[in-house]
Amino acid sequence: MDALLLARIQFAANISFHILFPTITIALGWVLLFFKLRFNATRNEAWMDAYRFWVKVFALSFALGVVSGITMSFQFGTNWPGFMEKVGNVAGPLLAYEVLTAFFLEATFLGIMLFGFRRVPNWVHTTATVLVAFGTTMSAFWILVLNSWMHTPAGHELRDGIVHAVDWFAIVFNPSLPYRLAHMLIASGLTCAFLIAGLSAWRWLRGDRGDAVRVALRTGVVMAAVLAPTQLVVGDMHGLNTLEHQPAKVAAMEGNWETRGHVPLVLFAIPDEAARTNHFEIAIPSGASLILTHRADGVVPGLNEFEGKHPPVAPVFYAFRIMVGTGMLMIAMGLAGAFFLWRRGELPRLLLRGFAVMTFAGWVATLAGWYVTEIGRQPWLVTGVLTTADAVGPVPAGSVGTTLAMYLIIYALLLAAYVGTLYRLAAKGKVAEAVPGNQPVPPTGGGPLPQGA
Amino acid sequence: MTPFLSPDALALTFAALMAASILAYVVLDGFDLGVGLLLPTTADVAQRDRMVASIGPFWDANETWLVLGVGLLLVAFPVAHGMVLTALYMPVALMLVGLILRGVAFEFRAKAAGPLDKRRWDAAFAGGSALAALTQGWMLGRYVLGFDPSAGALLFAALSAMGVAGAYAFIGACWLIWRTEGDLQKQAVAWARRTLWVVGLGIVGVSLATPLASPRILARWFEMPNLLLLAPLPLATTALVIGLHALLKHMPLPGDALKRVPFWAAVALFCLSFAGLAWSFFPYIVPEQLTLFQAASAPESLTIILVGALFVLPVILAYTVLAWRIFGGKAMDLRYD
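The residue count restarts for each chain, going from 1 along the sequence in the order it is written. By the order in which they are written, chains take letters starting at A while ligands take numbers starting at 1. At least 70 in pLDDT is required for a residue's local features to be given in this predicted model, at least 80 for side-chain atom pairs to be given and counted, and no such filter applies to totals for whole chains, interfaces and linings, which use all residues. Values reported for side chains reflect all heavy atoms of the structure, with hydrogen atoms and water molecules removed beforehand.

Draft legend 1. Examining the packing of aromatic side chains more closely. Note on aromatic contacts: the rings of Phe and Tyr and the six-membered ring of Trp form a pair at centre separations within 6.5 Å, being stacked when their planes are under 30 degrees apart, edge-to-face when over 60 apart, and tilted otherwise. Scanning all chains against the criterion turns up 44 aromatic pairs over all chains. Geometrically, the ring pair formed by F21 of chain A and Y418 of chain A is edge-to-face, given 5.0 Å between the ring centres and 80 degrees between the ring planes. Note that F21 of chain A is positioned in helix α1 (residues 3-42) and Y418 of chain A in helix α14 (residues 397-427), a separation of 397 residues in sequence. Look at W175 of chain B and W178 of chain B: their rings are 5.5 Å apart centre to centre, the planes differ by 70 degrees, and that puts the pair in the edge-to-face class. Within this pair, W175 of chain B and its partner W178 of chain B are both found in helix α7 (residues 151-179), separated by three residues, close to a single helical turn. Feature note: the residues F17, F21, W202, F360, W363, Y407, Y411, Y418 and Y423 of chain A constitute an aromatic cluster, connected by ring pairs. Cation over ring: R203 of chain A sits above F53 of chain A, and NZ or CZ is 4.7 Å from the ring centre. Over the ring of W178 of chain B we find R179 of chain B, and its NZ or CZ is 4.3 Å from the ring centre. The numbering of helices and of strands both runs from the N terminus, where a helix is a DSSP run of H or I of at least 4 residues and a strand a run of E of at least 2. We call a charge positioned over a ring when the NZ of a Lys or the CZ of an Arg lies within 6 Å of the ring centre and within 35 degrees of the ring normal.

The following block contains the structure:
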């Protein structure tokens, strides 16, 4: 394999591994704040028990996100030096603002949030929780600004072949940012909702039916019921925005070869790029035209219009169906769960099993969604400005292959350890959320701030 | 945004910011990695827990200085970033593996299934710390000699790897003297005494190698009046090493007096060594190949970062101080509640 493909696989492997954890922590930070505020308001220990359990999951996810994120910040330079040389004047400040406004904030206050409960007054601890949640969201904001700009660049000009920033407002609020940011934040909320509902359902089925499990399960199910249908609407708006700016990507998502009206909505097919057609197609007539143009005879651009300049069709096409399929399941589960909570106050066994099976459904949908949008951008790295091939570095394929193998082994081990640890924490959940003894506050330390809890 | 500094002044400002971030990283994560290096020297689980607890609330923020330092290199000097990271591709990858292992071991060991599982994550913690420290030292050695591929230069890089690992172990031991008590503190004093000599030898080694390798650096240090003006640097370094040696012999002192002194003296040693290197290489950002003025990015982009940095850095420093005060004093068991 050539160095370009290896460099792409390596970056894809890193970013795929990395996104698993921020996808959890972005929303989980706010859920923890919700638990904390409910406790502050009601003084019901169940909320604090839920907080104590999920803050451990948060800490673990956060650590994995941090270390894999650092790896990525180096890979910009090691794998894609052409990227920074060409668009560094735009990408650089955006990345710098992420570090300055988000990384330090979340890293520092995480220490206080995790280990400071007995060292600082309650309000300081609550504030630290707010700042950590805010920091993770800011971090997502800046990264999505850069990513959106790479899809729909704006506010820049080319001088001597190098991108120079002209209008920072236009760069930050580029055309696809609002849709992509909303889509990703809701994806994080859904991932978190199903993780919380799934692990709690698993504990419930095992007979671990304390109040902390009950409130967490409820929170997860209600989040899913609200967010999953919302995501359908936001995802549709994001798709329309993509149709406007990156029509080739949408053509690959829909598996539509010809520019025409009455484009069917392809439910399943095997796209054949060599023959430029679909095999075994199952489709709803005029469906895609209706969704994308809101008219049955609406004309939608097809792949043949972009021959030689469109992304590989099959991965985008399949990934899109995995994402949408998972999303539909999430809507069904969320609504069913909310219905039973409303009518009966508890979930039937079958539905609990369903939630347990779908514990990591958010990861599947999020990864599939990112594959759609990122593979869908090819052959461009920055649409119309820089191709992926022009950004790759001079490092020989052997070195890239060696480090790729190294990263893959480590990531596989860490992923197994992570999932294993989550279930172990859940299995001894009562221990994990127990009020830790009645030990006195240790005499030393505590700094100048008054002790409190 | 309209630049309000000349391009050269901007390049200098960013070089200073980057140098400050890297120095902050080396000092702050230096003691974290040092504690990791020292972990296997005790088999006592309670002592290990206490050692890890002493850096628990800090390591994440400490590591962020590396992201800022490398980020500034990437943002302000993209050409240099490409050259340096391409030349150091493998050691960077290995360092990242080390940092990954160290960072996650922290969380995993706290949630381990049993003693065996915990020992495994301890090994990952110590091994990751060692890998990160050694590769950082190796990269320093390669950088100092301008990525010279000769066998002698590689040997120097290997020695530099040992030197940096020794220096990290030293500052880690000094941290433990400050943050622990009882047997562990006595143990930390012994570690500090042993590793102080590695630090001294490392500083002497780099100080001899750089002027020998580069006539430019030789002239910069040994011509008049530089020789006299710079004399305080090596003299202060020597005085610090001798002073530390004398102090450590008597530690821990009754009433835990001067418990902070070894750590801050170690910080001073790191700063002096860093200043010496900075003086040797200025204005080069890639030794003997590229100056920081040649490598700087567009003034408009640097200006918008600078404005942000001027507002945000004081806030970062303020809440860092807050965290240090909250987690001041001797380390306690870490509890997530």
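From this point, things continue past the structure.
Draft legend 2. Quick peek at a nonpolar patch on the surface. Residue and element names in this part refer to chain A. Patch membership requires more than 30% relative accessible area and the absence of a salt bridge. Residues of like charge join within 9 Å; the nonpolar side chains Val, Leu, Ile, Met, Phe, Trp and Tyr join within 5 Å. For the accessible areas, the method is Shrake-Rupley and the probe is 1.4 Å, while residue cover comes only from the protein chains on display. Salt bridges are defined as contacts in which a side-chain nitrogen from Lys or Arg sits within 4 Å of a carboxyl oxygen from Asp or Glu. On the surface, a cluster of nonpolar side chains totalling about 670 Å² of accessible area is made up of L267, F268, I270, F280, I282, I284 and Y318. Secondary structure elements with two or more residues in the nonpolar patch: β3 (265-272) and β4 (277-284). Here F280 shows up in strand β4. Burial classes: relative accessible area under 20% of the type maximum marks a residue as buried, over 50% as exposed, and values in between as partly exposed (1.4 Å probe, protein chains only). F280 gets classed as exposed once you look at its relative accessible area, which sits at 64%.

Draft legend 3. Local environment of the interface of chain A and chain B. In what follows, a contact means two residues having at least one pair of non-hydrogen atoms within 4.5 Å. Listed as interface residues are 74 residues of chain A and, on the opposing side, 65 residues of chain B. Note: buried area is the sum, over both parts, of the accessible area (probe 1.4 Å) each one loses when the two are combined. Counting each side, the surface lost to burial between chain A and chain B is near 6400 Å², with a carbon and sulfur contribution of 76%. When the area that chain A buries against chain B is broken down by residue, the three leading residues are F74, F104 and F115 of chain A, summing to 13%. Remark: the boundary between chain A and chain B carries one salt bridge. Residue R424 of chain A is joined to D117 of chain B by a salt bridge in which the shortest nitrogen-to-oxygen separation is 3.8 Å. Two N or O atoms count as a polar contact when they lie within 3.5 Å, although within protein this holds only if one can serve as hydrogen donor and the other as acceptor, and sequence-adjacent residues are included solely when both atoms are side-chain atoms. Remark: the boundary between chain A and chain B carries seven residue pairs in polar contact (both at pLDDT 80 or more). The element contributing the most residues to the side of chain A that touches chain B is helix α3 (residues 81-115) of chain A, with 21 residues.

Draft legend 4. Highlighting the pairing of β3 of chain A. Residue and element names in this part refer to chain A. Any two strands are treated as partners once DSSP identifies two or more bridges connecting them. Direction of pairing for β3 relative to β4: antiparallel, over a ladder of six bridges. Each bridged residue has a counterpart across the sheet, and for I270 the counterpart in β4 is H279. Linkage of β3 to β4, two consecutive antiparallel strands, is achieved through a turn of four residues, within which R276 is found at a positive phi near 55 degrees.

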